[in-house]
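Residue-level listing of the chains:
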Amino acid sequence: MSGQVPPAPRRNSLVQKRNPSSTLKKSTSQSENGTTNGLSHSKPSSPNNHSSVGGERTVKKLRLSKALTIPEGTTVSDACRRMAARRVDAVLLTDSNALLSGIVTDKDIATRVIAEDLRPEQTIISKVMTRNPIFVTSDSLAIEALQKMVQG
């Protein structure tokens, strides 16, 4: 075995541990419809900090970012622009009384608009929305919200 050197061990970049003390924060900004856009990811705290009356976490304690809401008379192309600007894959639609009337996801746009050859600049978002979506309140238990998501 003259002159042959075994190859150096390769490092797998996918198996790197993060420094648990590092945090990632995004600044919040005001969107055009008055909602706050931003997420705050930080080091997990003890379970006691997130407990509610029954010892379980509520949706409110998850500290989710505000949902993007738009009027149901908006065009699909405008809705897509707003979704892209906020980097979200769903939008909540409100009626003239500012009450929840439906939801549209990026998949809805792909299957109900693009695949059907509808023109996004002329199609009203309410024509392709899912009406009366199931929802939870901020005081609902997080596990209940997860169960509804899995069922739906």
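Reference entry: report on the structure contained in this document. (Residues numbered from 1 in each chain as written. Predicted model: local features only at pLDDT ≥ 70, side-chain atom pairs only at ≥ 80, totals over all residues. Heavy atoms only, no water.)

Examining the overall build of the chain
Now for step 1: Scanning the chain from N- to C-terminus turns up three helices and eight strands.
Now for step 2: Each helix and strand of the chain, ordered N terminal to C terminal, gives the series β-β-β-β-β-α-β-β-α-β-α.
Now for step 3: Counting only contacts in the chain whose residues sit at least 6 apart along the sequence, the fraction spanning at least 24 positions is 49%.
Now for step 4: A total of about 11,900 Å² of accessible surface is found on the chain, and carbon and sulfur atoms cover 53% of it. (Helix = DSSP H or I, 4+ residues; strand = E, 2+ residues; numbered from the N terminus. Contact = heavy atoms within 4.5 Å. Areas by Shrake-Rupley, 256 points an atom, 1.4 Å probe, with all protein chains shown as cover.)

Quick look at the side chain of threonine 74
Now for step 1: For threonine 74, the location among the structural elements is in the loop between strand 5 (69-71) and helix 1 (76-86).
Now for step 2: One polar contact links the side chain of threonine 74 to the main-chain carbonyl oxygen of proline 71, over a distance of 2.7 Å.
Now for step 3: Residues in contact with threonine 74, not counting those within four places in the same chain, are Ala79, Thr123, Ile124 and Ile125. (Polar contact = N/O pair within 3.5 Å; in protein donor to acceptor, adjacent residues only side chain to side chain.)

A closer look at a nonpolar patch on the surface
Now for step 1: On the surface, a nonpolar cluster with roughly 430 Å² of combined accessible area is contributed by Ile143, Leu146, Met149 and Val150.
Now for step 2: By the secondary structure assignment, isoleucine 143 is in helix 3 (residues 142-151). (Patch = residues over 30% accessible without salt bridge, like charges linked within 9 Å, V, L, I, M, F, W, Y side chains within 5 Å. Salt bridge = Lys/Arg side-chain N within 4 Å of Asp/Glu carboxyl O.)

Here we look at unusual backbone geometry
Now for step 1: For arginine 87, which is not a glycine, the phi torsion comes out positive at approximately 55 degrees.
Now for step 2: Although it is not a glycine, asparagine 132 adopts a positive phi angle of roughly 50 degrees.
Now for step 3: Mapped onto the secondary structure, asparagine 132 falls in the loop between strand 8 (130-131) and helix 3.
Now for step 4: Residue classification places asparagine 132 among the exposed positions, given a relative accessible area of 68%. (Buried < 20%, exposed > 50% of the residue type's maximum accessible area, 1.4 Å probe, protein only.)

A few points about the sheet that holds strand 7 (residues 100-105)
Now for step 1: Pairing in this open sheet of four strands is mixed, and the strands run 5-6-7-8 from one edge to the other. Every other strand in the sheet has two partners, leaving strand 5 and strand 8 as the edge strands with one partner each.
Now for step 2: By the bridge criterion, five bridges tie strand 6 (residues 90-94) to strand 7 in an arrangement that is antiparallel. Considered in strand 7, the bridge of alanine 90 is made with threonine 105.
Now for step 3: Sitting on the sheet, helix 1 touches strand 5, strand 6 and strand 7, and the angle it makes with strand 5 is about 165 degrees.
Now for step 4: Sheet strands in contact with helix 2 (residues 106-114) are strand 7 and strand 8, and its direction is about 80 degrees off that of strand 7. (Pairing = 2+ DSSP bridges. Axes fitted to C-alpha atoms, helices over the stretch in contact; angles between N-to-C directions.)

A closer look at helix 2
Now for step 1: When we look at burial in helix 2, the residues that qualify are Asp108, Ile109 and Val113. All buried residues of helix 2 fall inside an arc of 95 degrees around its axis, so they share one side. (Arc of directions from axis to C-beta.)

By themselves, these are just geometric observations and shouldn't be taken as functional.
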